[in-house]
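# Observations on chain architecture
If you want the building blocks of each chain, they are given just below.
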Amino acid sequence: MSTSPARKYLVGARHWRPRWLGHGAQLWVRWRYPLTRRTVLSSQGRFNAKDLSREIKVLDKRPLWWLLGLSLLAVLPPVAGVALDSSSLLSAAAIFALYAAINLMWMLVIGTAGIFSLATLAIVGMAAYAGSWLSIEYALPWWGMVGVGSATGLVFGLLIALPAMRLEGFYYALLTLGMVELCRVSVVQSKALGSATGGLFGADSYLPDGLGSNEALLASYAACFVVMLLALALYRAVNGQRLGRLLRSAPEKHEAFAQACGVNVQRARLQVFLISSAALGAIGGFYGAHFQGASPSLFGIDNLLLMLAMIVIGGLGTAQGAVVGTLIVVVIDKLLVDWGPWRMVLIGGLMLATVLFTQAGLFGIRAQFIAWREKKKSEARAARTKAGGEVSPEEAIEMPDKNAIALRRHDERLRDELKTLVTPEVLAEHARHPWGQHSEALTRLLHYFRFTAITDKYALLVDKPFQQYRLIALSGQRGVPPRSVDDKTYDTLAQATHAVFLKRCQDLLES
């Protein structure tokens, strides 16, 4: 007697996105970046809910997008420049890579460290001038210019970081802006730095002699692209490791909480600032080798405003925002030269639209849209259902566990019944005897309060044992501290316990 396999019928819609075939609903082994705990690609093996086929789901697709984007940046500019025989396209691509590297290091200062410094171009410019001067006067090779630039950036960054210990926000931004202008005026008036010739020129180049114009442009873009990759790797190493995690625990106006947890915020910010300054100095030395010199235009306010536009348009606090914002501004500024001053108007319009209609630049649009969509869905559900345990049909479809509907209805009926038990007699009984045997009504209330969810559950914080107590509300999330309910303090444990009971009764009556 032959047996045939059971015939399966597809129910519902299948995934239209392709999945990798896998086996087992288990967590796959994750690759990690060297010397870090960051995963290269986080994936998970599971079963398809529709047809029970085995597949692999990529939990975080950002590394794939980075790989695709960097691959396009590595291939498209050289191919398009050679095909169109356009030297301006290749030179603009090299400038984009250099400015992207500078903005990535600037993002460490503004986004990770939270220091609103405008002295980025001052550090890059002083490093470029120092390396170029030593190369012209003492025949320093180009790799020596990079080393000298890094040391110059470290020293100059230390001098700039000292005022950051006492100033912050708008005042520190004004101070660093004044430093940029001071550097520009000093360079313009210095004869040793080429005030008569408009800059220092004639420094050593990293390009070998004998290259043609197209070959030199291709090699220049390849070198600048490598510099951008190194800056991106340094950004990931600092922002994603211990220093970055420490500073993310101490955002603006929350330094007191981080210090209470043992985080030395000032030292962490100083370390990030010095690391980024040394990297900016190295980029400045490479800048001098790339252009075989330096000019006062590097300190110009127009360059600073363009870099601010790059960061604002792309998104503050993200590496992808720094790279994409730089790409957009450089394309408009360098490739649309025929537009004249209208290209600056276009950059200003993009910057204004980004500030008015987005919360975190271009790369914050997706999260902003998801939040708006969830808000609208919540408003629609609230319009269709009464407050309490009942749910709308749309919300019931989204619930994987339909028992939650019955639990909500049961909790609603239970709360309606318990509200009738909150009487002055019960409150007075709990004030007299917070512990021990109670009446049936008070016992039912206490049992309900004890078995509620941990999120926003009231608890006691002991400031002084047996002397001072305060009320707090638990967050219910690992790593998130509890919040203080009010500023009242209680002298005895009985008073504090009764205060918690009153808060719970008030929440029950208002639910």
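Residues numbered from 1 in each chain as written. Predicted model: local features only at pLDDT ≥ 70, side-chain atom pairs only at ≥ 80, totals over all residues. Heavy atoms only, no water.

A few words on the overall build of the protein. In terms of regular secondary structure, the protein is built from 18 helices and seven strands. Buried residues in the protein amount to 39% of all 511 residues. Long-range contacts, defined as pairs at least 24 residues apart, comprise 62% of the intrachain contacts of the protein with a sequence gap of at least 6. On the protein, roughly 30100 Å² of surface is accessible, and the fraction owed to carbon and sulfur atoms is 62%. (Helix = DSSP H or I, 4+ residues; strand = E, 2+ residues; numbered from the N terminus. Buried < 20%, exposed > 50% of the residue type's maximum accessible area, 1.4 Å probe, protein only. Contact = heavy atoms within 4.5 Å. Areas by Shrake-Rupley, 256 points an atom, 1.4 Å probe, with all protein chains shown as cover.)

Of the pairings in the sheet, the one linking strand S5 (residues 458-464) to strand S6 (residues 468-473) comprises six bridges and is antiparallel in character. Of the residues in S6, the one forming a bridge with Ala-459 is Ile-472. The hairpin formed by S5 and S6 contains three residues between the paired strands, and Phe-466 there has a positive phi angle of roughly 65 degrees. (Pairing = 2+ DSSP bridges.)

What follows deals with the pattern of salt bridges. Across all of its chains, the model carries five salt bridges by this definition. Across the pair Asp-333 and Arg-343 runs a salt bridge, and its minimum N-O distance is 3.1 Å. Taken together, the residues Asp-333 in helix H11 (residues 319-335) and Arg-343 in helix H12 (residues 342-357) connect sequence positions ten residues apart. Overall, Asp-333 belongs to the buried group, its relative accessible area being 9%. Look at Arg-343 and you get buried, because its relative accessible area is 16%. Here Asp-411 ties to Arg-415 by a salt bridge, and the two come within 2.8 Å at their closest N and O atoms. One end of the pair is Asp-411 and the other is Arg-415, both in helix H15 (residues 403-419) and four residues apart, which spans about a single turn. On the basis of relative accessibility, which here comes to 27%, the residue Asp-411 falls in the partly exposed class. Given a relative accessible area of 13%, Arg-415 falls into the buried group. (Salt bridge = Lys/Arg side-chain N within 4 Å of Asp/Glu carboxyl O.)

Turning next to a nonpolar patch on the surface. A cluster of nonpolar side chains, contributed by Trp-339, Trp-342, Val-345, Leu-346 and Leu-350, occupies part of the molecular surface with about 510 Å² of accessible area. By the secondary structure assignment, Trp-339 is in the loop between H11 and H12. (Patch = residues over 30% accessible without salt bridge, like charges linked within 9 Å, V, L, I, M, F, W, Y side chains within 5 Å.)

Between its terminal C-alpha atoms helix H9 (residues 265-291) stretches 38 Å, which fits the 39 Å expected from 27 residues at 1.5 Å a residue. Among the 27 residues in H9, 19 count as buried, and that is most of the element. Two residues or fewer past H9, Gln-292 is found with a positive phi of approximately 55 degrees. (Expected span 1.5 Å × (residues − 1).)

Here we take up the side chain of His-438. With respect to the element layout, His-438 can be found in the loop between helix H16 (424-432) and helix H17 (440-450). At 2.8 Å, the side chain of His-438 and the backbone oxygen of His-433 are in polar contact. A polar side-chain atom of His-438 sits 3.1 Å from the main-chain carbonyl oxygen of Gly-436. Sequence-distant contacts of His-438, that is, excluding residues within four places in its chain, are made with Glu-429, His-433, Thr-443 and Leu-446. (Polar contact = N/O pair within 3.5 Å; in protein donor to acceptor, adjacent residues only side chain to side chain.)

Turning to H12, a few remarks are in order. The periodicity of an α-helix, 3.6 residues per turn, causes residues three or four positions apart to be oriented the same way. With 16 residues, H12 extends 22 Å from end C-alpha to end C-alpha; this agrees with the ideal 22 Å at 1.5 Å per step. For H12, the set of buried residues is Arg-343, Ile-347 and Thr-354. Viewed along the axis of H12, the buried residues span an arc of 45 degrees, placing them on a single side of the element. Exposed and facing more than 90 degrees away from the buried side of H12 are Trp-342, Leu-352, Val-355, Leu-356 and Phe-357. (Arc of directions from axis to C-beta.)

This brings us to the side chain of Ser-117. Mapped onto the fold, Ser-117 is located in the loop between helix H2 (87-112) and helix H3 (120-138). From its side chain, Ser-117 meets the backbone nitrogen of Ala-119 in a polar contact 3.3 Å long. Residues in contact with Ser-117, not counting those within four places in the same chain, are Trp-106, Val-109, Ile-110, Tyr-172, Thr-176 and Phe-273.

All right, on to the sheet that holds S5 then. Spatially, three strands are ordered S5-S6-S7 in an open sheet, and the strand pairing comes out antiparallel. Either end of the sheet is taken by a strand with one partner, and the two such strands are S5 and strand S7 (483-484). The sheet strands contacting helix H18 (residues 493-510) are S5 and S6, and the helix crosses S5 at an angle near 155 degrees. (Axes fitted to C-alpha atoms, helices over the stretch in contact; angles between N-to-C directions.)

To continue, consider the environment of Thr-197. Within the secondary structure, Thr-197 sits in the loop between helix H5 (170-189) and strand S3 (200-201). You can call Thr-197 exposed: its relative accessible area is 59%. Considering only alpha carbons, one finds Thr-197 and Ser-295, 98 residues apart in sequence, at a separation of 9.3 Å.

All right, on to the nonpolar core then. Of all hydrophobic cores here, the largest spans 83 residues; its most connected members are Leu-73, Leu-104, Met-105, Trp-106, Ile-160 and Met-228. Per-element tally for this core: the top contributor is H2, with 17 residues. In contact with Leu-104, not counting residues within four places along its chain, are Met-228, Ala-231, Leu-232, Tyr-235, Ala-319, Ala-322 and Val-323. Ranked by size, the runner-up nonpolar core spans twelve residues in total, among them Val-426, Leu-446, Tyr-448 and Phe-501. (Core = buried A, V, L, I, M, F, W, Y, C linked by side-chain atoms within 4.5 Å.)

As a further point, take the packing of aromatic side chains. Counted by the stated rule, this structure contains eight aromatic pairs. Measuring from ring centre to ring centre gives 6.1 Å for Trp-142 and Tyr-206, while their planes differ by 65 degrees; the resulting arrangement is edge-to-face. In this pair, Trp-142 sits in helix H4 (residues 142-161) while Tyr-206 sits in the loop between S3 and helix H6 (213-239), placing the two residues 64 residues apart along the sequence. Taking relative accessible area as the criterion, Trp-142 reaches 31% and is therefore assigned partly exposed. On the basis of an interplanar angle of 40 degrees and a centroid distance of 5.9 Å, the ring pair of Tyr-221 and Phe-225 is categorised as tilted. Separated by four residues within a single helix, Tyr-221 and Phe-225 lie in helix H6, roughly one turn from each other. (Phe/Tyr/Trp six-rings, centres within 6.5 Å; stacked < 30°, edge-to-face > 60°.)

Don't take any of this as a statement about function, it's just geometry.
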